Amino acid sequence: MVLALAVCGSVVAVVVLGLFVFGLRRRLIQRSGGTFDCSLRWDAPEQDDTGKGWAYGVARYNGDRVEWFRVFSYAPRPRRTLERSAIEVAGRRVPAGEEELALLSDALILTCVHRGTRLELAMSEDALTGFLAWLEAAPPGQRVNVA
């Protein structure tokens, strides 16, 4: 009986510690400001509304880069880094088909090309406005392609 209580107590402690680390990581990512909720589909196929390939995350502006972190990860470093000068906006659209279930309810999808890789970013309308303004606010002499 004592062994069973010790095992259950250990399992509960590990779960609580894991949740605490998730929360602490998110707080550290957001500490410097300039973050927004953003789902990402890397190497996205054209005309695919199945909802597959989307990963929920948090994006953070860091100078001339946007760093993207998976929400459900313990990694302290960003999973993807997008450089402002390498981002080409190909278009925007609303989620269709099963994408509506895979993304947040108010999300808009921005289709981009980054160094030859097609990707899609899904974010709120406010975050999209901020992202496009950030792209257009590139320093003089930098090439910016916003459709």
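An unreviewed UniProt entry lists the protein chain under the name DUF2550 domain-containing protein, with Streptomyces flavalbus as the source organism.

Undergrad: Account for the overall build of the protein chain, naming residues and giving values.
TA: Scanning the protein chain from terminus to terminus reveals three helices and eight strands. Starting at the N terminus and ending at the C terminus, the protein chain contains elements arranged as α-β-β-β-β-β-β-α-β-β-α. Over its C-alpha atoms, taken along the principal directions, the protein chain stretches across nearly 70 × 35 × 25 Å. Per-residue burial over the protein chain gives 35% buried out of 147 residues. The contacts in the protein chain between residues at least 6 apart in sequence include a share of 52% that link residues at least 24 apart.

Undergrad: An account of the pairing of strand β8 (residues 117-123) is needed here, citing residue identities and associated values.
TA: Counting buried positions over the seven residues of β8 gives seven, a clear majority of the element. Side chains T117, L119, L121 and M123 of β8 all project onto a buried face; the interleaved residues R118, E120 and A122 project onto the opposite face, where all are buried too. Two strands pair when backbone bridges link them, and strand β2 (residues 39-42) and β8 are joined in this way by four bridges, in the antiparallel orientation. Bridging across to β8, W42 finds its partner in L119.

Undergrad: Lay out the nonpolar core in plain terms, naming residues and giving numbers.
TA: Ranked by size, the top nonpolar core spans 22 residues in total, and within it L121, M123 and F131 carry the most contacts. Taken together, the elements giving at least two residues each to this core come down to β4 (65-70), β6 (87-93), β7 (108-114), β8 and α3 (125-136). The greatest single-element share of this core, amounting to six residues, is contributed by α3. Once residues lying within four places of it in the same chain are set aside, the contact partners of L121 are C38, S39, L40, W54, L82, L108, I109, L110, C112 and F131. W54, L103, A107 and I109 belong to the second largest nonpolar core, which has five residues in total.

Undergrad: If you had to explain the environment of E100 to someone new, which residues and values would you point to?
TA: Positionally, E100 belongs in helix α2 (residues 99-102). You can call E100 exposed: its relative accessible area is 52%.

Undergrad: I'd love a proper account of the packing of aromatic side chains, names of residues and values included.
TA: For the structure on display, the rule yields three aromatic pairs. Ring centres 5.3 Å apart and planes at 40° place the aromatic pair F36 and Y61 in the tilted group. Here Y61 lies in strand β3 (residues 57-62) and F36 lies in strand β1 (residues 35-37), a separation of 25 residues in the sequence. With a centroid separation of 5.3 Å and 45° between ring planes, the pair formed by Y61 and W134 is classed as tilted. Residue Y61 is located in strand β3, and its partner W134 is located in helix α3; the two are separated by 73 residues in the primary sequence. Put simply, the rings of F36, Y61, F131 and W134 touch in pairs and so form one group of aromatic residues. For the cation-ring pair, R80 lies above W42, with the distance from its terminal atom to the ring centre recorded as 4.2 Å.

What counts and what doesn't
Residues numbered from 1 in each chain as written. Predicted model: local features only at pLDDT ≥ 70, side-chain atom pairs only at ≥ 80, totals over all residues. Heavy atoms only, no water. Helix = DSSP H or I, 4+ residues; strand = E, 2+ residues; numbered from the N terminus. Buried < 20%, exposed > 50% of the residue type's maximum accessible area, 1.4 Å probe, protein only. Contact = heavy atoms within 4.5 Å. Pairing = 2+ DSSP bridges. Core = buried A, V, L, I, M, F, W, Y, C linked by side-chain atoms within 4.5 Å. Phe/Tyr/Trp six-rings, centres within 6.5 Å; stacked < 30°, edge-to-face > 60°. Lys NZ or Arg CZ within 6 Å of the ring centre and 35° of its normal.

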